[in-house]
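Listed below, chain by chain, are the residues.
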Amino acid sequence: MGRSTIPPALLELANPSSPEAQVRALRNLKNEIVGHEQRKELAVVHGVVRPLAGLLRTETRKGGKRRRGGGVANGSGREREEERETVVEWTGEDELRFQATLVVGSLANGGPAFITPLLAGDVLPPLLEALSPNESPSKLLVTTLRTLNQIVDAVAQEKPFWDSSSLLSLSVTHQIYTKPVVESLAEVLAQTSRSRTVYQQISSAAQLITKTCQEEGQKKMLLDAGVLDLLTAKMAAIAALDDPSRRPDSRHGHTEALPRSYLPEILEAISAIIKDSHYNTARFVYSQHIQSLFAWPKGASGTYEGYTGPQASSWDKLIPRLQTLQSKSDPYTKSWPALGSFASSAGEGGSYTRLPSMETLQPSSSRNIISDESETPLFTWLMFAARRGEGRERLAACWLLALLKKFGERWSLSDPSKPTRERHFSYLVIPLVVKMIEEANPNTRYMEKIHMLDPADREEMRFVLERSPLVLAELIASNKTLQSAAVDAKILPVLIQILKKSFDPITTSTKPLWQPRSSAPAVRDPMIDAASSTLGRPGLGVDIVHAYKYRESALLALAAIADSQDGFRKLIIEMGGAPLIIDSLVPFTSDSQSAGANSMTAKDGNPEAVLIAACKVTRSLSRSVSVLRTSLIDHGIAQPVFDLLTHPKVKVQVAATEVITNLVLEVSPMRTEIIEAGALETLCEHCRSANFDLRYGSLWALKHLCLGLPPQMRKKCLDTLEVGWLKQVLNGEPSSKAASSAPLGMGTPNAAGEQVDILNAVDDPHMDVDEEPSSSEDEDTMTDSIPSLRRHQRPGSRYTSATNIRDRLQQIKSDEHDTSLSNERDDIRIQEQALDFVRNFITEEKASGDMIDHLLNEFNRTEFFELLDSKLRPKNAAASSTTTSQTAPSTGTSAPSYWSPSSSRLSPFSTTHPQPAPQPNWAAYPATDLIIATLYILVHLANGRPSHRSLLISQTPLMAHILPLLSHPRRDVRLPCAWFINNLVWEEDSSDAGPTRERALQLRNLGFEEGARGLGRDIDLDVRERAKTAVEQLGKLLGAGVGAGGVGYGSPGHFGEGSGLGGLRGLGGAHRGSWARE
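Quantities reported herein were computed from a predicted structural model and do not represent experimental measurements.

**Structural notes on the overall build of the protein**
When helices and strands are counted, the protein shows 58 helices and 6 strands. Across the 1078 residues that make up the protein, the buried fraction comes to 55%. A sequence separation of at least 24 residues applies to 78% of the contacts in the protein between residues at least 6 apart. Of the roughly 45600 Å² of accessible surface on the protein, 52% is carried by carbon and sulfur atoms.

Below is the structure:
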């Protein structure tokens, strides 16, 4: 090997003699340092960065002025491109910038250690200035974009240091996401020239967006610059070539379409912008390009959650037709019964076989198999693209499908019924992703195959391994049917193998070559800038980063599978997943931070993303009582999770807190260990955190922790949390603006399985809605006001005009970006947890009332009851007028007031009260979740001593505001009202007979006896049975006759003492239907 030419090249760059000599020096320097880390280090130490930055900066300004004066655009059209090739010549200045950019890219390939001096030498700004197609030649622009991608890739190898302010990624992204740079990227994407160079520019720009766009502010900047619309136009142009309704000659004539090979980059960039943002997704779905290409035909009429066969979109021809389950009660089925249908032999997802004779085709089953319900055209094309493509293209299409599916669950529009979408995904999408995961499984055959591939194919296979489990996790999230489909495809053993493989020791480099260097420190040239000639901290090896990424992805897939089904959680444990999850909970330590970048073992710890994924899988597993009490305690899960509560990163603390919430339940055997480790003090400290998610999760965990503790421990918990802080949380922020606004303005759409909008008590997915047909105008109004009806919109009936689309987008934007609305929701959520904490604090197994006395002593008694009253009374309503208008016995509170008296479901009410009372304005009441939480506190207060019951009844305003709640639309509100009356009239012993009779008389005078009789005719069985007990007890005490059943279901006293309470408080908040942290 000849002598290195680096010093002469550096000398020429520092003191240039001519442009031609500089070009030769740069070319020689590039050839010397490519693939040689030591030569790169030598070049940086000798001060190559500053001359490179100066050369790029100077020549960029020269080139920009020259091209602005010439007025030549880059790739603005085929004719202009041909003109540009003849008019604009490749100058010496362009060659200088080109060679300097290549040198910078080669240095960036050295990893994070070389990015530090590049950033210190201000190399990035001139590169970003050169992104405008109007000011840079095509060849130079392609090289600049590739170099920027190399810099971003190198930054991704940075070690996870605790000091986030020193991260290179922040510095790089802050410089990229500025208005001029984003506008330049938009100019690149807006090019329509059919030139290979322009295609490469668009592809590189899309890759840069995919790799760097993560924060909400970055997405907004891209959205405002029109980048999402440009990417959507590129995608639509490619998709238009697959439209079966277009003539073949018109497809080939689509001049703006990129080659299909560039589709993955476009889809990935779109996904990066719309991820975790319903508004950005709506901007994509409702964009002009999507609406014009994938809209339903004008004449196509829809059905209730279905589409017609003959008029269905031509896109259906692209994917196989699937038979779909549909209920016979569906209006479409009633009007158009399926001819020749055959009965289902199994539930959803079962096998279906053709029966031998027509005699078997009887309407005995409530469900039929039909095959004339279509998927939406956009989903259909993406499924087609996924089935047609391979590798990155298939993965990108499935990833975008997963994000759109998530959006459709919250803001549905012309979507098919849930069974239809589930079957399409189960049969057409999930198997594709599972197959990709299996093919990318890093076993021995995989390693043999990957070494035989060229670098591009090898990189794609590594990407598939990193991304495919993550795509699966997003597809099956919160959907039992899709989770079962993935497990049936035998994906669990593969995921466990992948997770296990990620812990294999990795060694990526050999011993460094010997160099004739002196052991004494070298004397620096004072003329060389120190900051730009000093290497930064070494990063992680490429193989190590790869292992971390697919470890995180596998953990997230396991978390999604174990989300809701106990059997799958046990399978993960049986396959040996628990020890691997425990190892994934080990964070980086100071020792691992100082370790070399070229080796890694399981003991070295995990970065932030892996820790969060491991916490998610642990939270999913801990929802199972059997797993919680056996496998998790056997593997010692408590200590690693508790250690993460004090992790330097807040996101990790939040994830660990969500796991602790399940581990401190009363049924958890790890509860004592966690308390002894100091969880109580840590959680109380986190309740005062500036991060809302950490405050919210810590208070939720304290709510569970407080339940079942000895009295002294509870008092310590309250003292540590501080009563003053608890009062502040319970009082919350003023919400008069929210109360005074129109119900539709406050209501936000919801989908089944999503959290209910807590700012509008009427908008609830569990509300009983009359099934009587209505006019189209009434249906539109109901669709807006009741979220559960949004999924039943007819295709093509709404949000097709520009005005309707603007209204829809504004509604979604307000829901996501309205700060006041978001703050109010957060305030209500944390108030609910605080109320549940109070409820669990006063809960006692023997109902001695000691904890109630302690709470009332700590709180100001008057202030405490006023606080509870504020959660039950209408907002902006005077207490006196409310009492006058709603406490009279003749008001008739037996039925939910929003129901029609003529409803066949509520006929007993209509015969008893032919003229119903004025309907309460439920939208003016506080959030329903706060009402429920407050009522359960009152239920437990009434379960104390007789003096506590008398104290409650003496609170006249409070009792007056409880009475209207007996007719609330939600049974979750009416049920605690029935329990509350039960407990108030419970007779403790013979000495309590007189006070109990007096309480019963007071309840009659307040109107509660009539309200209890109304609850006795409730449509809900549980409410009726609880009310029946109260009516019988009231009749016995007041001499109005005793029912034959005596006390009926069970004594209210037993409700407060044993199993009667188990379903309510025994697991800390189970009245909402879930005992563990979801």
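**With respect to the packing of aromatic side chains**
Scanning the model with the defined rule gives 11 aromatic pairs in all. Consider the rings of Tyr-696 and Trp-700, whose centres lie 5.7 Å apart with planes at 75°: the pair is edge-to-face. On the criterion of helical spacing, the pair formed by Tyr-696 and Trp-700 is a turn pair, its members being 4 residues apart in helix H38 (residues 692–706). Through a chain of ring-to-ring contacts, three or more aromatic side chains come together here, namely Phe-294, Trp-315 and Trp-381. A cation over a ring is seen here: Arg-421 above Phe-379, with NZ or CZ 3.9 Å from the ring centre. Over the aromatic face of Phe-503 sits the side chain of Arg-551, whose NZ or CZ is 3.8 Å from the ring centroid.

**Quick notes on the confidence of the model for the protein**
Of all residues in the protein, 71% attain a pLDDT of 70 or more, and the chain-wide mean is 78. Considering each helix and strand of the protein separately, the mean pLDDT is smallest for helix H58 (residues 1059–1062), with a value of 30, and largest for helix H16 (residues 263–274), with 97. For residues 77–87, every residue scores under 50 in pLDDT, and the model assigns this stretch 16 contacts once sequence neighbours within four places are set aside. For residues 878–914, every residue scores under 50 in pLDDT, and the model assigns this stretch 64 contacts once sequence neighbours within four places are set aside.

**Notes on the packing of helix H37 (residues 679–686) against H38**
Viewed as axis vectors pointing N to C, H37 and H38 meet at an angle of 145°, and their least axial separation amounts to 8 Å. When the axes of H37 and H38 are compared, the crossing they make is left-handed. Of the residues in H38, those in contact with Leu-680, Leu-683, Cys-684 and His-686 of H37 are Leu-694, Arg-695, Ser-698, Ala-701, Leu-702 and Leu-705. Taken together, the residues of the contact of H37 with H38 break down into 7 nonpolar, 2 polar and 1 charged.

**What to know about the nonpolar core**
Judged by nonpolar contacts, the single largest core of 277 residues is most densely connected at Met-235, Phe-284, Trp-381, Leu-726, Leu-938 and Leu-941. A per-element tally of this core places helix H27 (residues 542–561) first, with 13 residues. For Leu-726, the residues in contact, after removing those within four places along its chain, are Leu-718, Leu-721, Ala-834, Phe-837, Val-838 and Phe-859.

**A closer look at unusual backbone geometry**
Although it is not a glycine, Asp-276 sits at a positive phi angle of roughly 60°. Along the chain, Asp-276 turns up in the loop between H16 and helix H17 (278–285).

**Section: the packing of helix H11 (residues 179–189) against helix H12 (residues 196–212)**
Interaxial distance between H11 and H12 falls to 9 Å at its minimum, and their mutual angle equals 140°. When the axes of H11 and H12 are compared, the pair comes out oblique. Taken as a pair, H11 and H12 cross one another with a handedness that is left-handed. On H12, the residues that touch Leu-185, Val-188 and Leu-189 of H11 are Gln-201, Ile-202, Ala-205, Leu-208 and Ile-209.

**Side note on the pattern of salt bridges**
Following the criterion strictly, the structure yields 46 salt bridges and no others. Among the ionic pairs, Arg-421 bridges to Glu-375, the shortest N-O distance being 2.6 Å. Of the two residues, Arg-421 is situated in helix H22 (residues 418–440) and Glu-375 in the loop between strand E4 (367–370) and helix H20 (377–388); the sequence distance between them amounts to 46 residues. With a shortest N-O distance of 3.4 Å, Asp-972 and Arg-971 are connected by a salt bridge. Residue classification places Asp-972 among the partly exposed residues on the basis of a relative accessible area of 22%.

**Observations regarding the environment of Ala-477**
Take Ala-477: it is sitting in the loop between helix H24 (455–476) and helix H25 (480–488). Along the backbone, Ala-477 and Lys-406 are 71 residues apart, and their C-alpha atoms lie at a distance of 8.7 Å. Beyond its immediate sequence surroundings of up to four residues, Ala-477 is in contact with Lys-405 and Gln-483.

**Overview of H24**
In a regular helix each residue adds 1.5 Å, so 22 residues correspond to 32 Å; H24 covers 32 Å between its end C-alpha atoms and thus fits that length. Remark: the principal bend of H24, roughly 30°, maps to Arg-467, with a proline, Pro-469, within the next four residues. Among the residues trailing H24, Ser-478 stands out with phi positive, at a value near 60°.

**Examining helix H6 (residues 92–108)**
Compared with the 24 Å implied by 1.5 Å per residue over 17 residues, the 24 Å span of H6 between its first and last C-alpha is a close match. Of all 17 residues in H6, 14 are buried; the element is thus mostly enclosed.

**Points about the environment of Val-155**
By secondary structure assignment, the location of Val-155 is in helix H9 (residues 138–155). Sequence separation between Val-155 and Ile-115 is 40 residues, and the spatial gap between their C-alpha atoms is 7.2 Å. With near-sequence residues (within four places) excluded, Val-155 lies in contact with Ile-115, Leu-168, Ser-169 and Val-172.

**Describing the side chain of Ser-631**
Note on placement: Ser-631 falls in helix H33 (residues 631–634). Ser-631 sits in the buried class, given a relative accessible area of 15%.

Quick notes on the rules
- Residues numbered from 1 in each chain as written.
- Predicted model: local features only at pLDDT ≥ 70, side-chain atom pairs only at ≥ 80, totals over all residues.
- Heavy atoms only, no water.
- Helix = DSSP H or I, 4+ residues; strand = E, 2+ residues; numbered from the N terminus.
- Buried < 20%, exposed > 50% of the residue type's maximum accessible area, 1.4 Å probe, protein only.
- Contact = heavy atoms within 4.5 Å.
- Areas by Shrake-Rupley, 256 points an atom, 1.4 Å probe, with all protein chains shown as cover.
- Phe/Tyr/Trp six-rings, centres within 6.5 Å; stacked < 30°, edge-to-face > 60°.
- Lys NZ or Arg CZ within 6 Å of the ring centre and 35° of its normal.
- pLDDT = per-residue confidence, 0-100.
- Axes fitted to C-alpha atoms, helices over the stretch in contact; angles between N-to-C directions.
- Left-handed = near helix turned anticlockwise from the far one by under 90°.
- Nonpolar A, V, L, I, M, F, W, Y, C, P; charged D, E, K, R; others polar.
- Core = buried A, V, L, I, M, F, W, Y, C linked by side-chain atoms within 4.5 Å.
- Parallel < 35°, antiparallel > 145°, perpendicular 65-115°, else oblique.
- Salt bridge = Lys/Arg side-chain N within 4 Å of Asp/Glu carboxyl O.
- Expected span 1.5 Å × (residues − 1).
- Bend = angle between axes of the 7 residues up to and from the residue.

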